[in-house]
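Examination of the molecular architecture
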Amino acid sequence: MFTPSPSPRSGVDRLIADDALVSRLRRVRVGLLSNLACLTEAAEPSAHALARVLGTGKRGLVRLFGPEHGFHMVTAEGASIADGIEAELGLPIQSLYGPRHAPTPDTLEKLDTVIIDLQDVGVRCYTYATTAALTLATLASLDIEVILCDRPNPLGCVS
């Protein structure tokens, strides 16, 4: 019988703890597909934690991508979301739920790495999984590194 560890670390927590990876990512332009529901084990939004360890500006975390409900998670189900700015981090957000469902090639060409960190427990999994898949399909034709952060199921092992 499979017994999950009591508190497995999320992919973003493992990324942040990897000094060599963090050092490398500080020197490149990184985009993040996520929302404010994605937290580190210290209950810090992934975007804020990555901005803290990678920095922001011309290198480090330079762009955000938001799925359904938007990066800030305040938009109603199914509503189209406009692009915007994340005020606290000062980063542009490209919406992937509205006129487009994947990042635009011109936006991606300005990136070296895209991190995908989306949390889901069976709710709206269709749109989040589809947004991640469409993003990966767009990235497949470009020379851009992808880091896909996994997340343990907060419900534990379900048989």
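Note: the structure precedes this text.
As a starting point, this report considers the structure included with it. (Residues numbered from 1 in each chain as written. Predicted model: local features only at pLDDT ≥ 70, side-chain atom pairs only at ≥ 80, totals over all residues. Heavy atoms only, no water.)

So, on to the side chain of His48. Structurally, the position occupied by His48 is in helix 3 (residues 46-54). If we ignore the near neighbours within four places in the chain, the residues touching His48 are Leu36, Glu86, Glu88 and Leu89. (Helix = DSSP H or I, 4+ residues; strand = E, 2+ residues; numbered from the N terminus. Contact = heavy atoms within 4.5 Å.)

Across the nine residues that make up helix 3, a large majority, eight, are buried. Within helix 3, the full set of buried residues consists of Ser46, Ala47, His48, Ala49, Leu50, Ala51, Val53 and Leu54. Its buried side turned inward, helix 3 meets helix 1 (11-17), helix 2 (19-25), strand 1 (29-33), strand 2 (60-66), strand 3 (84-86) and strand 5 (113-116). Once helix 3 finishes, Gly55 follows within two positions and takes phi at roughly 85°, a positive value. (Buried < 20%, exposed > 50% of the residue type's maximum accessible area, 1.4 Å probe, protein only.)

Okay, the sheet that holds strand 4 (residues 91-95) next. Across the sheet, which stays open at both edges, the six strands sit in the order 3-4-2-1-5-6 with mixed pairing between neighbours. This sheet does not close on itself; its edge strands, each paired only once, are strand 3 and strand 6 (145-148). Taking each pair of neighbouring strands and ignoring which way they run, the sheet shows an average axis angle of 30°. Where strand 5 meets strand 6, four bridges bridge the pair, whose relative direction is parallel. Bridging across to strand 6, Ile115 finds its partner in Ile147. The strands touched by helix 3 are strand 1, strand 2, strand 3 and strand 5; relative to strand 2, the strand with the most contacts, the crossing angle is about 165°. (Pairing = 2+ DSSP bridges. Axes fitted to C-alpha atoms, helices over the stretch in contact; angles between N-to-C directions.)

Across all of its chains, the model carries zero disulfides by this definition. Cysteine Cys149 remains unbridged, with the sulfur of Cys38 as its closest cysteine sulfur at 9.1 Å. Relative accessible area serves as the criterion here: at 8%, Cys149 is assigned to the buried category. (Disulfide = S-S within 2.5 Å.)

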